[in-house]
Amino acid sequence: MYKLKVNDKYDYSVDKTAEGLFINDHKINADVKQLNATTWHIINNLQSYNVEMVSFNPADKTAEIKVNNNIYTVAAKDQFDLLLEKLGLSSLNATKISELKAPMPGLVLKVFVTEGAEVKKGDNLFILEAMKMENIIKSPDDVTVKTVKIKPGDKVEKGQVLLQFS
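Quick summary incoming for the structure in this document.

**Section: the overall build of the protein**
Right, on to step 1. When you go through the protein residue by residue, the secondary structure sums to 1 helix and 17 strands.
Right, on to step 2. Scaling as 2.2 N^0.38, a compact globule of 166 residues should have a C-alpha radius of gyration of about 15 Å, whereas the protein reaches 22 Å, well beyond that.
Right, on to step 3. For the C-alpha atoms alone, the extent of the protein along its principal axes is close to 65 × 40 × 25 Å.
Right, on to step 4. A sequence separation of at least 24 residues applies to 39% of the contacts in the protein between residues at least 6 apart.
Right, on to step 5. Working note: accessible area of the protein is about 11900 Å², and carbon and sulfur atoms make up 53% of it.
Right, on to step 6. Computing the positive centroid from 22 side-chain charges and the negative centroid from 22, the protein places the two 3 Å apart.

Here's what the structure looks like:
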C-alpha cells in the first residue's frame, strides 16, 4: 500500500494485491507496456498515456514523471512511512544541519551568502579553490545562514567551520 501526493495537491491511495491494482479502492484494468527502462505506454478506459520517468530519488521516495508531455511531481509513502507518521516518529529521520565545515584545505575565492540569508538545498554558498581547482560548495539543505566565518581570500583547513545555520 502506498500513499501518493501529486504536485503537493492531489492524494491517492495505491494498493497492488493478488486481485489486481487498486487506486483509491477502485480496481484499475489498464494495459501497461514497458517500452524501455524509463518509458511506458498505458491504455486505460480507452485513453492512451505515454509515461516517462524524468527523475527518481529513492531516498526521498520522490519522482518526476512526464505523462503525455505534462510533468508531475510524485511523493510516495509506504506502509512503514505511514506507521512512523502515525506514531509521531516521522521527524526522527530529519537531521538538522547547524554548521558547514571545509571539506578540504583551500582558498576561499567568493562567498555568495550573507548572514540572515535563507538558502535552499543545492544553492551555491561559496567557491573554494583546492589543488588549482575551483569547487562550488552548495547548501546541503534548506537553511538560514546564522554566521559567515569566511571572506574571499581566506585560507581554510579541512574541518574548519565556515558557516553556521539557525
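Here the narrative resumes, following the displayed structure.
**Looking at the sheet that holds strand E3 (residues 20-23)**
Right, on to step 1. Across the sheet, 9 strands lie side by side as E4-E3-E2-E1-E9-E8-E7-E6-E5; this open sheet has antiparallel pairing. Here the strands that pair on one side only, and so sit at the sheet edges, are strand E4 (26-28) and strand E5 (31-36). Going across the sheet, the axis of each strand differs from the next one's by a mean of 30°, ignoring polarity.
Right, on to step 2. When E3 meets E4, the two strands line up antiparallel, connected through 3 bridges. Bridging across to E4, isoleucine 23 finds its partner in histidine 26.
Right, on to step 3. On the sheet, helix H1 (residues 79-86) packs against strand E1 (2-6) and strand E9 (70-77) and is oriented at approximately 65° with respect to E9.

**Things to note about the sheet that holds strand E15 (residues 143-148)**
Right, on to step 1. One open sheet holds the 4 strands; their spatial order is E10-E17-E15-E12, and the pairing between them is antiparallel. Both outer strands of the open sheet, strand E10 (99-101) and strand E12 (118-119), are each paired with one neighbouring strand and no more.
Right, on to step 2. Across 3 bridges, E15 lies against strand E17 (residues 161-165) in antiparallel orientation. Bridge assignment links threonine 147 to a residue of E17, and that residue is glutamine 164.

**Concerning the environment of proline 152**
Right, on to step 1. Mapped onto the elements, proline 152 comes out in the loop between E15 and strand E16 (155-156).
Right, on to step 2. When the C-alpha positions of proline 152 and methionine 131 are compared, they lie 17 Å apart, and in sequence the two are 21 residues distant.
Right, on to step 3. Beyond its immediate sequence surroundings of up to four residues, proline 152 is in contact with Val108, Leu109, Lys110 and Val111.

**As for the pairing of E3**
Right, on to step 1. Strand direction decides the pairing type here: strand E2 (residues 10-17) and E3, joined by 4 bridges, are antiparallel. Bridge pairing in E3 places lysine 16 opposite leucine 21.
Right, on to step 2. Taken together, E2 and the strand that follows it, E3, pair antiparallel across an intervening segment of 2 residues.
Right, on to step 3. In sequence, E3 turns back onto E4 through a hairpin of 2 residues, with asparagine 24 there showing a positive phi of about 50°.

**A look at the environment of histidine 26**
Right, on to step 1. Relative to the helices and strands, histidine 26 is located in strand E4.
Right, on to step 2. Residue classification places histidine 26 among the exposed residues on the basis of a relative accessible area of 54%.
Right, on to step 3. Here the alpha-carbon distance between histidine 26 and aspartate 15, two residues 11 residues apart in the chain, equals 9.7 Å.

**Brief notes about the side chain of serine 13**
Right, on to step 1. Counting through the fold element by element, serine 13 comes out in strand E2.
Right, on to step 2. In this view, serine 13 contacts Met1, Tyr2, Lys3, Phe22, Ile23 and Asn24; residues no more than four positions away in its chain are not counted.

**Quick look at the pattern of salt bridges**
Right, on to step 1. Tallied over the full model, the rule gives 5 salt bridges.
Right, on to step 2. Here glutamate 99 ties to lysine 101 by a salt bridge, and the two come within 3.8 Å at their closest N and O atoms.
Right, on to step 3. Overall, glutamate 99 belongs to the partly exposed group, its relative accessible area being 29%.
Right, on to step 4. Several salt bridges converge on common partners, so that one network encompasses Lys61, Asp78 and Asp81.

The rules behind each value
Residues numbered from 1 in each chain as written. Predicted model: local features only at pLDDT ≥ 70, side-chain atom pairs only at ≥ 80, totals over all residues. Heavy atoms only, no water. Helix = DSSP H or I, 4+ residues; strand = E, 2+ residues; numbered from the N terminus. Rg over C-alpha atoms; globule rule 2.2 N^0.38 Å. Contact = heavy atoms within 4.5 Å. Areas by Shrake-Rupley, 256 points an atom, 1.4 Å probe, with all protein chains shown as cover. Lys, Arg positive; Asp, Glu negative; His and termini not counted. Charge placed at Lys NZ, Arg CZ, Asp CG, Glu CD. Pairing = 2+ DSSP bridges. Axes fitted to C-alpha atoms, helices over the stretch in contact; angles between N-to-C directions. Buried < 20%, exposed > 50% of the residue type's maximum accessible area, 1.4 Å probe, protein only. Salt bridge = Lys/Arg side-chain N within 4 Å of Asp/Glu carboxyl O.

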